[in-house]
Amino acid sequence: MPPVFAHGRLRLYLLKLLDEAPRHGYEVIRLLEERFQGLYAPSAGTVYPRLAKLETEGLVTHATEGGRKVYSITDAGRAELADRGGELADLELEIRDSVSELAAEIRADVSGAAGDLRRELRAAASASATQVEDDSWKAAKEELRKAKAEWKEQARRAKDESRRAREEAQQARRQAKEAQERAREEVQRIAGQLQEQFAKSGGVLGSLAGAWLGGSGSPTAPTAPSAPSDPSARSAAPAPAPDADWARDVPSTGDPARDLDRLLDRFRDDIRDAARDRGISDDQLAQARSHLADAAAHIASALGPQD
């Protein structure tokens, strides 16, 4: 029998199950058995080590409830799941194909057993052609009838599941591709608007915003200059040059609003760190407040009119 999951695919499917809801290990095993209609159930020795490895990689975490570990997916796990949306759709199709293959093997086993049983019945009938059919003979025929009915039902279910899985997988792949394209276009549009509006604000915040957004729609950050010893000279220092690698370590989730929140958090932290490390005077605070108010108005305008 071919393996139910190709290399690395069980790991991806565990992330999918935990993305649906937090679950303990035996619940994950039960759900997998249900997805395979009882034809396959992974052992605890298969599932638990993989959950532990996912936790080591920071993709899942666990809490103890009632003496059992309940696993939940982390933001990093959701990000990987979003990046592998097309692969997950293929995996759903592979699972349905595995169900079909397992059902085919069961059908072959049932067919072979039924053939053996028929031959035994014929041999018994030939040996005692004049013997009256007794209860054991009737029971054997009934078992044969039940076996054939069960095989037909399993074959029918497997065929239906395989067909539905192919249709769902094709639709999921199309939707995943369309969602990725829409997300990419939206991020580029918002980034361009923010860059244009921030550039118009001028001053210290305008320089920081220009460095944060960069020149291609990808977030960049300001490079902090050396702090001058004279406070008046510090307030008049030139704007820092953009750092093209700023915020590259912030992974994309595929959700533009969520990505924007993360980048704004990073932007706020950088300004806060600069103020903490270099100090800030009353005049600089008043200037920063004016720039922040101006920038807030530009960002709101870039994101569209209020309803």
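You'll find the structure just up there.
Let me sum up the structure you'll find in this document. Quantities reported herein were computed from a predicted structural model and do not represent experimental measurements.

### Some points on the pairing of strand β2 (residues 60-65)
Here's step 1: Relative to strand β3 (residues 68-73), β2 runs antiparallel, the two being bridged by six bridges. Directly across from T61, in β3, lies its bridge partner S72.

### Digging into the packing of helix α1 (residues 9-20) against helix α4 (residues 75-83)
For any two helices packed against each other, the geometry comes down to the angle between their axes and how far apart the axes lie.
Here's step 1: At their nearest, the axes of α1 and α4 sit 10 Å apart, and the two run at 115° to each other. Of the two possible hands of crossing, α1 and α4 adopt the one that is left-handed. Counted together, R11, L12, L15, K16 and D19 of α1 and G77, R78, E80 and L81 of α4 form the full contact between these two elements.
Here's step 2: Each residue belonging to the contact of α1 with α4 can be placed in one class, and the counts come to three nonpolar, one polar and five charged.

### Points about the packing of aromatic side chains
Here's step 1: One pass over the full model with this rule turns up one aromatic pair.
Here's step 2: Between Y26 and Y48, the aromatic rings sit 5.9 Å apart at their centres with planes inclined by 65°, giving edge-to-face as the arrangement. Here Y48 lies in helix α3 (residues 44-56) and Y26 lies in helix α2 (residues 25-35), a separation of 22 residues in the sequence.
Here's step 3: With relative accessibility at 52%, the residue Y26 sits in the exposed group.

### Brief notes about the pairing of β3
When a strand is regular, its side chains alternate between the sheet's two faces.
Here's step 1: By the bridge criterion, two bridges tie strand β1 (residues 23-24) to β3 in an arrangement that is antiparallel. Bridge pairing in β3 places H24 opposite V70.
Here's step 2: A loop of two residues connects β2 with β3, the two strands running antiparallel in sequence, and G66 in this loop sits at a positive phi of about 60°.

### Some points on the side chain of D259
Here's step 1: With respect to the element layout, D259 can be found in helix α9 (residues 256-278).
Here's step 2: The side chain of D259 sits in the buried core without any salt bridge; R262 is the nearest counter-charge, 5.2 Å away.
Here's step 3: Here D259 is in contact with P251, S252, T253 and G254, once residues within four sequence places are set aside.

### Overview of the environment of L59
Here's step 1: Here L59 shows up in the loop between α3 and β2.
Here's step 2: With residues near it in sequence (within four places) discarded, L59 still touches R11, L15, L54, I73, T74, A76, G77 and E80.

### Observations concerning α3
Here's step 1: Between its first and last C-alpha, α3 extends 18 Å over 13 residues, near the 18 Å set by a 1.5 Å rise per residue.
Here's step 2: Looking at the packing, one finds that the buried side of α3 touches α1, α2, β2 and β3.
Here's step 3: Positive backbone phi, approximately 80°, marks G58, located one or two places after α3.

Rules and cut-offs
- Residues numbered from 1 in each chain as written.
- Predicted model: local features only at pLDDT ≥ 70, side-chain atom pairs only at ≥ 80, totals over all residues.
- Heavy atoms only, no water.
- Pairing = 2+ DSSP bridges.
- Helix = DSSP H or I, 4+ residues; strand = E, 2+ residues; numbered from the N terminus.
- Axes fitted to C-alpha atoms, helices over the stretch in contact; angles between N-to-C directions.
- Left-handed = near helix turned anticlockwise from the far one by under 90°.
- Contact = heavy atoms within 4.5 Å.
- Nonpolar A, V, L, I, M, F, W, Y, C, P; charged D, E, K, R; others polar.
- Phe/Tyr/Trp six-rings, centres within 6.5 Å; stacked < 30°, edge-to-face > 60°.
- Buried < 20%, exposed > 50% of the residue type's maximum accessible area, 1.4 Å probe, protein only.
- Lys, Arg positive; Asp, Glu negative; His and termini not counted.
- Salt bridge = Lys/Arg side-chain N within 4 Å of Asp/Glu carboxyl O.
- Expected span 1.5 Å × (residues − 1).

These figures capture arrangement, not role.
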